[in-house]
Amino acid sequence: MSNRREFIVQFGLGSSALLASQAFAQAMVADADPQAAALGYHADGSKTDKSKFPKYAADQHCGTCALFQGKAGDKSGGCPLFAGKQVSANGWCSAYAKKG
Ligand code: SF4
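All of these numbers come straight from a predicted model, not from anything done at the bench.

So, how was this worked out
Residues numbered from 1 in each chain as written. Predicted model: local features only at pLDDT ≥ 70, side-chain atom pairs only at ≥ 80, totals over all residues. Helix = DSSP H or I, 4+ residues; strand = E, 2+ residues; numbered from the N terminus. Buried ≥ 20, exposed ≤ 12 C-beta atoms within 10 Å, placed from the backbone. Contact = placed C-beta atoms within 7 Å. Near = placed C-beta within 6 Å. Nonpolar A, V, L, I, M, F, W, Y, C, P; charged D, E, K, R; others polar. Core = buried A, V, L, I, M, F, W, Y, C linked by C-beta atoms within 7 Å.

A. Broad picture of the overall build of the chain. Summing up its helical and strand segments, the chain has 2 helices and 2 strands in all. Secondary structure elements of the chain, listed N to C terminal, follow the sequence α-α-β-β. Burial status across the chain gives 25% buried among its 100 residues. For the chain, the proportion of contacts with a sequence separation of at least 24, taken over those separated by at least 6, is 57%.

B. Region of interest: the site of the ligand. Close to the ligand lie 13 residues, the nearest being C62, C65, C79, C93 and Y96. Classifying every residue of the shell around the ligand by side-chain character gives 12 nonpolar, 1 polar and no charged.

C. Quick peek at the nonpolar core. Within the largest apolar cluster, 14 residues are counted, with the highest numbers of intra-cluster contacts made by V29, Y41, C62, C79, V87 and W92. The residues touching C79, leaving out its near neighbours within four places in the chain, are C62, L67, F68, Q69 and V87.

D. Representation of the environment of V29. By secondary structure assignment, the location of V29 is in the loop between helix 1 (3-25) and helix 2 (34-39). For V29 and H42, which are 13 residues apart along the polypeptide, the C-alpha to C-alpha distance reads 8.8 Å.

E. Geometry of the environment of A66. Mapped onto the elements of the fold, A66 is located in the loop between helix 2 and strand 1 (76-78). Judged by the 10 C-beta atoms lying within 10 Å of it, A66 is exposed. Put simply, A66 and G100 are 34 residues apart on the chain and 6.9 Å apart in space, counted from C-alpha to C-alpha. Ignoring anything within four residues of it in the chain, the contact list for A66 reads A97, K98, K99 and G100.

F. The arrangement of the environment of S88 in detail. Mapped onto the elements, S88 comes out in strand 2 (residues 86-88). Each C-alpha atom, one on S88 and one on F68, is 9.5 Å from the other, the two residues being 20 residues apart in sequence. Contacts of S88, omitting those with residues within four sequence positions, involve M28, A43, C62, K75 and S76.

Listed below in structure tokens is the structure:
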């Protein structure tokens, strides 16, 4: 293998690892975040205060929400309501909309 090709292969692998670590480093939304509190978000949707959010149902969670940007089976993923952060696939907020 030529040095140039080795460089390209190693650089490619390094870039992938860097991107993966950056994605991993994205902060999780905390229940106490002001935006989370306003939307009634809990990383564990079962902790939703049903007296304030009667719309909540036990079978609803971020992983099945139309706004969830993670893949099926991901433990967390992006949500446009929390730019730059990740929500838990088991989370829930009052903007929940079932994935079509
Ligand atoms: S909009 Fe959907 S994916 Fe985003 S926090 Fe609310 S329930 Fe979760």
